[in-house]
Amino acid sequence: MSVRRLDANQPDSFEFTPENIEWSKKQMEKYPEGRQASAVIPMLWQAQKQEGWVSEPAIEVIADMLGMAKIRVLEVATFYTMFNLSPVGKHFVQLCGTTPCWLRGADDLKDVCRKHIGDPNTVSDDGQLSWMEVECLGACSNAPMVQINDDYYEDLTAENFAQILEDLRAGREVKPGPQTDRKGSEPLGTLTSLTTPITAEGAE
Amino acid sequence: MPKVTVDGIEVEVDASATVLQACEQAGAEIPRFCYHERLSIAGNCRMCLVEVERAPKPVASCAQPVNDGMVVHTKTEAVKRAREGVMEFLLINHPLDCPICDQGGECDLQDQAMGYGIDSNRYGENKRAVEDKDMGPLISTTMTRCIHCTRCVRFITEVSGVPELGATGRGEDMEITTYLEKALSSELQGNVIDLCPVGALTSKPYAFTARPWELKKTETIDVMDAMGSNIRVDSRGREVMRVMPRVNEAINEEWISDKTRFIWDGLKTQRLDRPYVREDGKLRVATWDEAFEKIAEKVASTTPDKMAAIAGDLADVESMKALKDLMVSLGVTNLDCRQDGAKIGTAGRGSYIFNSGIEAIEEADALLVIGSNPRLEAPVLNARIRKQWTKGGFPIGVIGEDADLTYPTDYLGAGTDTLKQIIDGSHPFARVMDVAENPMIIMGQGALTREDGEAVLSATIAYAKSAGVIKDGWNGFNVLHTAAARVGGLDLGFLPGEEGRDTQGILDGASAGALDLVFLLGADEIETKYLGNAFVVYQGTHGDAGAHRADVILPGAAYTEKSGLYVNTEGRVQMAKRAAFPPGDAREDWAILRALSATLGKVLPYDSLRDLRAALYEEVPHLATLDELTSADVPEGAATGTMAATPFSNAIKDFYMTNPIARASKVMADCAALANDTDKGATGTHG
């Protein structure tokens, strides 16, 4: 983790779309009068969904909507690493580099990212892709893996990961989940445990 | 009430107390950084660890409520080791640059490291680096020293009510900052310097000028507003180096405003250090005798009805007494201490003081503010109002200018029309005042300096009596003054005598040529251009408006350079003490007047300050009761005149520029420039 600052280049303004304003109102209504600040995390998240990242004008708009001091919203936005404080690509790759993925070849995936996207935390020239390394995303049995926007891509190799990135860049459809033929996190190959059938008398 | 045993001593404590408070009650000293009794509990420094029997781990005592039968140990080996561990963690990222740190010598971390620090470092990595933040012209930051106690954040948010400080990031990357490094705008921000337990936030104007052990500490009284905040003036030689707050629960708790704290550079600039006389239109340096002779000449050729005297906002009671006695002995009746022209002081004492006392704000359950902006007129008092508001059930109505007072208010209206509606009960807020147990009214000078000030005052007093603001056992009728000298002057009766002129009358008379001699005792807040061709004697401390217009200048002593009585807005008499000597030939004000009286042949009957005070106490007995509130009757509000419909306008427009000392201060000028800068992008580096 490193010091998190707002991006040096900020847009002039931020506005929620009409649908998001409706959505925000519903979030705020969940809390008793005077406690609207409780909705700050969902609102920041929605702003990020809309723009891809949380900008300074967005923080100020949300502070106004919730009747909070701007510094309070900034505190939340800088505390949680899930909020991107700089622009990200249309396809935002979060690459797990924690031990299980690392042992299974996350370093190779990083090289792929460098080659096909560029340096971490920078958007590719065409605006399509950006990537960053994150800590464990909880899909260790399918290591190595990445998260691209809302989907997990698992059981990656340098080859199929590069293909996914190029497909995304070209606007082709890609398949989320394990990139091998296994389903979910079931064992690779055959069962290695619980191999004996279970009868009415119990396991043999 | 629960009984707690601390180190074998059993104490009975309040059920809402924390373990730390119980320990203090039992006389055990608990080290702490984040805990502060006037702020909310954070519990993040962990320095206050104690051992509680049957608790599995050491307990952070500041955040642990007491239980009946608790047995606490604060001096065991385990406690010492736990605190040493905490200290070691705190010091991992602390730069240990004490030799170049302004906090050195008065640093909580330094002191506690003496008790709990270890002599070596087990941490081999680089210490973290943090960018310094710009917080404006008052607070200097060295953020690598910060230990993240968050006292400053809690103070700015809770007490000052201007939430501009926060902690961004998390863990090792946590940083204390203002939003996008804008300058702080609170009038109480200087208090975070005292609250900061390390050298992260220090005083910018005082930076690298002195060490605490070199300073002579003088406990005295502030005169920047009418609160009479208790201060400690730290001086080295003849120079005032800084001003710090003293604890006085009844007045300022332990806060002071920025004007009080950072005014001291104004005490060194623009000072009048020698007498001057005007010759051929130019002021020239003179001796005391020359100056006195010149005045004597003029007095001899002037009839008493053509002489007048105005006392300024920073005058002590003794000098006003001496000036009044001198003027009376000359037969002069044109006297006034109300530079702003407030229509007060002619009725009883209760009509011009803050009757309930400042502390009683915490007993009030409804407040009506009339023609006042307490945030600018008395920032520390405003913090007390805010404190009461945060407890809930404290509706606050405002008639006058609609300003941000740091707490939400019901804005009722701009002027007398709304006041009339309150009085006749047709306004909904009148109902709020009626049902309140202890309703309170705060009247500012904005409502009293008008032509119809007397009518507004008497109407409000009559309303106060009918609405239960003034009743047996509760007097919530409060006048908030802006000048430290005002209540003292009124108590003394420094007011127009029979057929005498008031301030406006003096100015009118002088510009019309009806007055030939005007004596200004530190009076700079008047429009000096209306003094016409009158011969003006200015006795004061700074080359401000009055001195520029003067024909004779008598250099006096500032509030830190003399012993003097000041009566605050509550009517509380307090004695200021001398912290340093006046510069050059300047003298204490009463002594100047005593010497002048001899030249004029009207020798005042006192040769020492002691004699003067004896005469003063004889004339106004309640001035002899120091540091206490004396209750005063509020006279019946006899309706005089009608109220004009013009809206109330507040007495203070520019908080940082209200008196000659402030106008001579560069720090105050910086603050004023920043406050007036409408460009919200100002970063504090301006000016």
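Our subject in this report is the structure included herewith. (Residues numbered from 1 in each chain as written. Chains lettered and ligands numbered in written order. Predicted model: local features only at pLDDT ≥ 70, side-chain atom pairs only at ≥ 80, totals over all residues. Heavy atoms only, no water.)

## Some thoughts on the overall build of chain A
Looking only at helices and strands, one finds seven helices and seven strands in chain A. The order of α-helices and β-strands along chain A, N terminus first, is α-α-α-α-β-α-α-β-β-β-α-β-β-β. For chain A, the C-alpha radius of gyration of 21 Å lies well beyond 17 Å, the compact-globule estimate for 204 residues. Expressed along its principal axes, the backbone C-alpha trace of chain A runs to roughly 65 × 50 × 30 Å. Put simply, chain A has 204 residues, and 42% of those count as buried. A fraction of 63% describes how many contacts in chain A between residues 6 or more apart in sequence connect residues 24 or more apart. When the accessible surface of chain A is summed, it comes to about 11,700 Å², and 51% of that surface belongs to carbon and sulfur atoms. (Helix = DSSP H or I, 4+ residues; strand = E, 2+ residues; numbered from the N terminus. Rg over C-alpha atoms; globule rule 2.2 N^0.38 Å. Buried < 20%, exposed > 50% of the residue type's maximum accessible area, 1.4 Å probe, protein only. Contact = heavy atoms within 4.5 Å. Areas by Shrake-Rupley, 256 points an atom, 1.4 Å probe, with all protein chains shown as cover.)

## Quick word on the side chain of T178 of chain B
With respect to the helices and strands, the residue T178 of chain B is situated in strand β8 (residues 175-178). A polar atom in the side chain of T178 of chain B sits 2.8 Å from the backbone oxygen of K182 of chain B. Excluding residues within four positions of it along the chain, T178 of chain B makes contact with I71 of chain A together with D134, M135, E164, L165 and L184 of chain B. (Polar contact = N/O pair within 3.5 Å; in protein donor to acceptor, adjacent residues only side chain to side chain.)

## Overview of the interface of chain A and chain B
Counting residues at the interface gives 18 residues for chain A, matched by 18 residues for chain B. Of the roughly 1,500 Å² buried between chain A and chain B on both sides combined, carbon and sulfur atoms contribute 56%. In this structure, R5 of chain A engages E175 of chain B in a salt bridge whose closest nitrogen and oxygen atoms are separated by 2.5 Å. The interface formed by chain A and chain B includes eight residue pairs in polar contact (both at pLDDT 80 or more). Contributing elements (two or more residues each) for the side of chain A that touches chain B: α3 (56-66) and α4 (70-79) of chain A. Ranked by residue count, the leading element in the side of chain A that touches chain B is α4 of chain A, at seven residues. Partitioned by chemical class, the residues of the side of chain A that touches chain B number nine nonpolar, three polar and six charged. (Buried area = accessible area lost by both parts, 1.4 Å probe. Salt bridge = Lys/Arg side-chain N within 4 Å of Asp/Glu carboxyl O. Nonpolar A, V, L, I, M, F, W, Y, C, P; charged D, E, K, R; others polar.)

## Considering the pairing of strand β1 (residues 91-96) of chain A
Consecutive side chains along a regular strand alternate between the two faces of the sheet. Residue and element names in this part refer to chain A. Within β1, six of the six residues are buried, which leaves the element mostly enclosed by the surrounding structure. The alternating pattern of β1 places H91, V93 and L95 and F92, Q94 and C96 on opposite faces, both of which are buried. The pairing of β1 with strand β2 (residues 129-134) spans six bridges and is classified as parallel. Within the sheet, the bridge partner assigned to V93 lies in β2 and is W131. Bridging between β1 and strand β3 (residues 146-148) involves three bridges; their strand directions are antiparallel. By the bridge assignment for β3, Q94 is matched with Q147. (Pairing = 2+ DSSP bridges.)

## Overview of the sheet that holds strand β4 (residues 151-154) of chain A
Residue and element names in this part refer to chain A. Spatially, β2-β1-β3-β4-β5 is the arrangement adopted by the five strands of the open sheet, whose pairing is mixed. Edge positions in the open sheet fall to β2 and β5 (177-178), since each of these has one partner strand only. Two strands pair when backbone bridges link them, and β4 and β5 are joined in this way by two bridges, in the parallel orientation. Bridge pairing in β5 links E154 to P178. Each of β1, β2 and β3 is contacted by helix α6 (residues 106-116), which is oriented at about 155° to β1, the strand it contacts most. (Axes fitted to C-alpha atoms, helices over the stretch in contact; angles between N-to-C directions.)

## Looking at the pattern of salt bridges
Residue and element names in this part refer to chain B. If you walk through the whole model with that rule in mind, you get 59 salt bridges over all chains. Across the pair D134 and K204 runs a salt bridge, and its minimum N-O distance is 3.9 Å. Taken together, the positions of D134 in the loop between α3 (108-116) and β6 (139-141) and K204 in the loop between β9 (201-203) and β10 (216-221) put the pair 70 residues apart, joining distant regions of the chain. Take D134: its relative accessible area is 17%, and that puts it in the buried class. It is possible to trace a salt-bridge network through shared partners that takes in R38, E249, E253, E254, E362, R384, K387 and K391.

## Quick word on a nonpolar patch on the surface
Residue and element names in this part refer to chain A. A contiguous nonpolar patch, built from I41, W45, F79, Y80 and M82 and spanning about 400 Å² of accessible area, is present on the exposed surface. Tracing the backbone through its elements, the reader meets I41 in helix α2 (residues 40-51). Judged by relative accessible area, I41 falls into the partly exposed class, the value being 30%. (Patch = residues over 30% accessible without salt bridge, like charges linked within 9 Å, V, L, I, M, F, W, Y side chains within 5 Å.)

## Topic: the environment of A669 of chain B
Residues and elements named next belong to chain B. Relative to the helices and strands, A669 is located in helix α20 (residues 666-676). Looking at A669, the relative accessible area reads 33%, which means it is partly exposed. Considering only alpha carbons, one finds A669 and R375, 294 residues apart in sequence, at a separation of 19 Å.

## Section: the state of the cysteines
Counting across every chain of the model gives zero disulfides over all chains. Between C96 of chain A, a cysteine without a disulfide, and C101 of chain A, which holds the nearest cysteine sulfur, the sulfur-to-sulfur distance is 3.5 Å. The closest cysteine sulfur to the non-disulfide-bonded C23 of chain B is located on C48 of chain B, 9.1 Å from its own sulfur. With relative accessibility at 0%, the residue C23 of chain B sits in the buried group. (Disulfide = S-S within 2.5 Å.)

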